[in-house]
Each structure stands twice: as C-alpha cells, then as structure tokens.
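Letter by letter, the chains look like this.
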Amino acid sequence: MDGKKLEYKGEEALKEIERLTTEPDIVQENILREILRSNCETEYLSKYMDKGTKDDVSMFKKRVPVITYKDIRPFIQRIANGEDSSLLTGHPITEMLCSSGTSAGEPKMMPSIAEDLDRRTFLYNLIMPIINQYVPGLDEGKAMFLYFVKAEMSTPCGLPARAVLTSYYKSKHFKCRAYDAFSNYTSPDQVILCNDSNQSMYCQLLSGLVNRHQVLRLGAVFASALLRAISFLERNWGSFCNDIRLGRLDPCITDPECRSAMSSVVSSPNPGLAEEIEEICGEQSGGSWKGVLCKLWPKAKYIEAVITGSMAQYIPALEYYSGGKLPLVCTMYASSECYFGVNLKPLSDPSDVAFTLMPNMCYFEFIPLGDNGTLVLDVAEEDEVPVDRLVDLVHVTRGSYYELVVTTFAGLNRYRIGDVLLVTGFHNKTPQFQFICRRNVLLSIDNDKTNEEDLHKSISVAKKLLEPHNTLLVEYTSYADTSRVPGHYVLYWELLVHHVSSSTSSALMSLLENDNNNVLEECCIAVEEELDYIYRRCRTNDKSVGPLEIRVVKPGSFEALMDLFISQGGSINQYKTPRCINSAKALNLLDSNVLASFFSPRDPTWIP
C-alpha cells in the first residue's frame, strides 16, 4: 500500500470522526431505530414493545427498564445452553465474550454478533490517523506491542466463550488484515496467538529486542501487562542475549507455531546486538532499572496503554522505567459489552485523558450522578432506576457526573455498564468524558462506603511520602478485615526501593527494618485523612472502624496474584489488579508474602 493510499485512509477516518461528532443526535436516533428494527421481536423486547412498532423510539424510552447483569443473565444463560439467539437479538449470536472477572468475582458472559467485530475494527482504524496528527513518521519503523490470547472455552451448546481481545486477534479482521505500515509489529502473529502466555511473552520480548533499533512505539493493552513484561525482562535478559548471540531460540519454547515463526526473527547469530543489550541490562541489574525502556528502544516515541481508572496507579512506574522521557498515550475506551470511543488528544497528560464517544457504536444513555464537581453515588447497583431519569448523549452537561448505560445490537437493552464518567467538554456537538471509576463500592466495615476513586485518591496522596526515601509504590489492593471488632481497612502494598549503593531488595528491607523510620505509619495516617466524612465519623464518633493497616508484600507478589487469577480463567490482556480482594485464595497468597505490617500509630488530625 503506497503512501498516498495511507494518507487517504487517514484523511477519510478523520472526516468520518468530524461527520459523526457534528450530528450525534441524528446518528444516535438512527442507531436506536436500527437496533429496534433488528431486535424488537425478540423475547426480551417484545415484553415492552407493541407489535408493529418496530422502530418506535418513544415507546422504547418509556417502557424498557434499566438493567444490570443479574437481570439479563437468565437470557444469556439460556442462549449459552442452546436456545435461539432471538431471545435477545435478531442477529445470530456467534460467541460469548467473557469479562475479566477480577473486580466482581465470576466472569460475566456478554452476547456478541458478527457485526460487532466490524464496529471494533472501525474504532481501531481511527487510532493511527488521530495519533499521526501529533506524532509524525510512525510508518517508518515498527511497534512493539505486547498482545496475548487466552485459551477459549465453549458454552454448553458449543458457542465460543472467550475474552473480547482474544476474539479480535483470532478473527479475520486481525489475522487477514491488509499490510499497513502503521501496524508493522515486531511480533509475528503466531506468537501473539500462542495460548501459553509465558512462551508468548518470551517470544514477543525477544522479537522486540531483535528489532530494538526499528521500534518507534511501545505498548500493551493495559499498563499492568507492560509492567509484567518489564519484570519478565529483568528475569530473562540473559537468555534473550544468548538467543540473539547464537541465532537460535531457547529450548524452553516448545510451541511449534512459535518456534516456526521465530525462525525468521533469530535466523542468524548477531553477537554485536547481543552485546549491546547485555551491556544495558547488565548495568541495570546492578542497581536501578530506571529509564531502561529508552535505553533498550532508543527510537521509541511513546508508550501506549490504558492508564485511566485503576490503571492510573501504574503511571509512576511507567515514568520510572522510561525515565520520564516517553509520553503515555491512552487511545480508546472499550469494554466486553461494547467499544465506546477514542481519545482525540492522545498526547494529553494522563490526568486529562478524555474520550469522545463515537455515536455510531451503540445507543448511549446516562444516569446523572451529580454536577458542579460533586459526585453523588445515590444509585446502588441493585436499585431500580426510573427511565425518566436517563439523559441521552447530546443532553449531558459539562462538569456533570454520569453512569454509562448502553443499548447494543447484540441484545443488551439499557444495560448499566457500571462506569462513572465526567463530562469535560465537547468535540463539535459530541461530549467528551473522563473515566472516573467503577461505581461498585470497594470497602465497607459499617456505614462507610469507600469506592475505587476515593481509595485511589487517598493512596495517591500517601505515596508521595515515599518519594524522599527513593521508594515507589508499584502496586496495591485492599480488603475489609472484619475478623475482629472493630474491623479495619487493610492495604497490601508492593514497593520498589532504589538505592545506588545496594540492591533493591536489600534497600527495601532496610526501609522496613529501620526503627527510626516511620514513613509507612505516616502513610497509614495520610490515607485515612483523605477518606470521606462517613469513614471519619465511623472512626471517631461510632468507633466502628479501627486504625488502617498497610501490609508490605515481597516484590513479585502482585505478579503471583495475576498468575492466580489467570489460572482461574482470567485473561492476561484484560487483567486489572482488583482494588479490593474477596477471594480467600488471593488473600492467602498475599498474606503469605507479607514482609512487614504497619498501623496508624496515632489518631489522624481530624479525630478530636
């Protein structure tokens, strides 16, 4: 494909964004009418829509209720067991897409139709034209993106049940894509499609190192997967160098497709390249890995990954490993239920990332949750939401909070996604949203209700106390310990301590064992002082919540936690560290790796 054709594709994509965002009201009404014409005679919708009213938008808005997964699950389960797709949709359901399952326990299954892949591909195809406006020359090199698939399952009737990204990577849209200089990846497709995530990780990193001087972009779907790759690199760089030096693939890679595909990547000995990598990694392994990404891939222009919501925790770590030299780019907003929108300003600061919802993806509605900078989570997941409370896409207001509700072609009708969004502005007539948090409550002992956003904000303040000690909070999770009275919040923290004169592990133990250093105790207090007034009341007046505790775990504990969830059916692509742990196995794993425990040593300042 020549340069003119690439430019033409980019221009057409940008024109389509302008068209869609200039008339979102018309696009949205047409989308809803199209969905109703396809699905109005399904068992589900026919309960609410009169016969002969195939595209009656007003009837849909007046009669169809707002639902959560528990409401739609019986229909999904019936289809999974072999009943017809017409229970929910007029289109044949081709697969069930599984959510990551780490935030709410058991993975949810979402119905998907063939046309959904077209919509996902449409959104993917907007990304590079958008980025090219800000970062030129990306067609002159390669992208080292770490993508993974998960071994799929089947429903009782034989429908594939798999992660949404596995669905995409295994589809013709990915495997049979036309050559495009902007999708010139370092990894062969066969390596990405390997079900063994360790073998896939090894081969993808090795491919990236072999092409280190051609790599212009680094990334993964989620920031957590990229950090996992850096940890993998720290452990295996010696083997990578041996493979490159000898021009062969380590025998630990047994997957025949991987071995065949990698034969062209490490086809001949390259001792010079091996020496370059060995010198960089050898220097890093003696102390800090700060800036290692720019040293190994010196031409890289940015890092691409999801860094919003719970992934915001990884921003300091990514900046640490890039030496603060690479912009962090978050390109799109999507879920297993539906793909939603794109970031039209990819180089914006991570704290300012906002997504423009593409009005042709599904029908969007919103539950108001507060305005003027005040978030009011007054609607619980189990609460019934009056339909007249919903606001459509073109009537949301800047500065207001909303919970996202979608109606999809695959049979989700007024389905609550559970994401809390803030309207930050508009592109043409289409609103732009900042992802705030998942609306589910993470921690509760008594009347206190601490959500993901509040916990993240509190920890973000507290972790600044670690900076003077050359210490970085790498990862965290929490749980409400009610094994004694009063119960209390427990935070599990994994720390990275950099000290020029000692290894990171010995520097960490020095920090924890220094009796004169109460920085972790001060972190406990700092977290508490940032929590809301109900928590403070429970701590002070009611005495129903005890002092907060931080348990520092061994390096690698959260990677082991990730392995545990993946072994239970999670996807490495979709994995997000749960910010609250309820699994007994996961808690046992973390508790078995605790190095030290710290409590608030005194009452916070707001306690009289």
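Residues numbered from 1 in each chain as written. Predicted model: local features only at pLDDT ≥ 70, side-chain atom pairs only at ≥ 80, totals over all residues. Heavy atoms only, no water.

### Focus: the nonpolar core
In summary, soluble globular proteins display a tendency toward joint burial of nonpolar side chains. Ranked by size, the top nonpolar core spans 169 residues in total, and within it I72, W297, F364, F366 and L404 carry the most contacts. Two domains each provide a minimum of three residues to this core, namely domain 1 (10-114 + 333-438) and domain 2 (441-599). Once residues lying within four places of it in the same chain are set aside, the contact partners of W297 are M144, G208, L209, R212, V215, L218 and L233. Ranked by size, the runner-up nonpolar core spans 34 residues in total, among them L466, Y489, W493 and F598. (Core = buried A, V, L, I, M, F, W, Y, C linked by side-chain atoms within 4.5 Å. Buried < 20%, exposed > 50% of the residue type's maximum accessible area, 1.4 Å probe, protein only. Domains from an automatic or database assignment. Contact = heavy atoms within 4.5 Å.)

### Examining the sheet that holds strand β22 (residues 594-599)
Taken together, 4 strands build an open sheet; the order of strands is β19-β20-β21-β22 and the sheet is mixed. Each having just a single partner strand, β19 (471-481) and β22 make up the two edges of the open sheet. On average, each strand axis in the sheet is inclined to that of its neighbour by 25°, with strand direction left out of account. (Pairing = 2+ DSSP bridges. Helix = DSSP H or I, 4+ residues; strand = E, 2+ residues; numbered from the N terminus. Axes fitted to C-alpha atoms, helices over the stretch in contact; angles between N-to-C directions.)

### Section: the sheet that holds strand β2 (residues 109-113)
Taken together, the 4 strands give an open sheet; going across it, the order is β2-β1-β5-β4, and neighbouring strands pair in mixed fashion. Whereas interior strands pair on both sides, the edge strands pair on one side only; in this sheet they are β2 and β4 (153-154). Alignment of strand β1 (residues 93-98) against strand β5 (residues 160-163), held across 3 bridges, turns out to be parallel. Pairing of M96 across the sheet is with A161, part of β5. Along the sheet, helix α4 (residues 69-80) contacts β1 and β2; its crossing angle with β2, the most-contacted strand, is approximately 60°. Its contacts with the sheet put helix α5 (residues 114-132) on β1 and β2, and the angle it makes with β2 is roughly 90°.

### What about helix α18 (residues 533-540)?
The set of residues buried in α18 consists of I534, Y535, C538, R539 and T540. Where α18 is buried, its residues touch β20 (488-497) and α17 (519-530). The N-terminus of α18 is capped by D532, whose side-chain oxygen sits 3.0 Å from the backbone nitrogen of Y535. (Polar contact = N/O pair within 3.5 Å; in protein donor to acceptor, adjacent residues only side chain to side chain.)

### Description of the domain arrangement of the chain
When the domains of the chain are assigned, the result is domain 1 (10-114 + 333-438) and domain 2 (441-599). Here the C-alpha centroids of domain 1 and domain 2 sit 33 Å apart.

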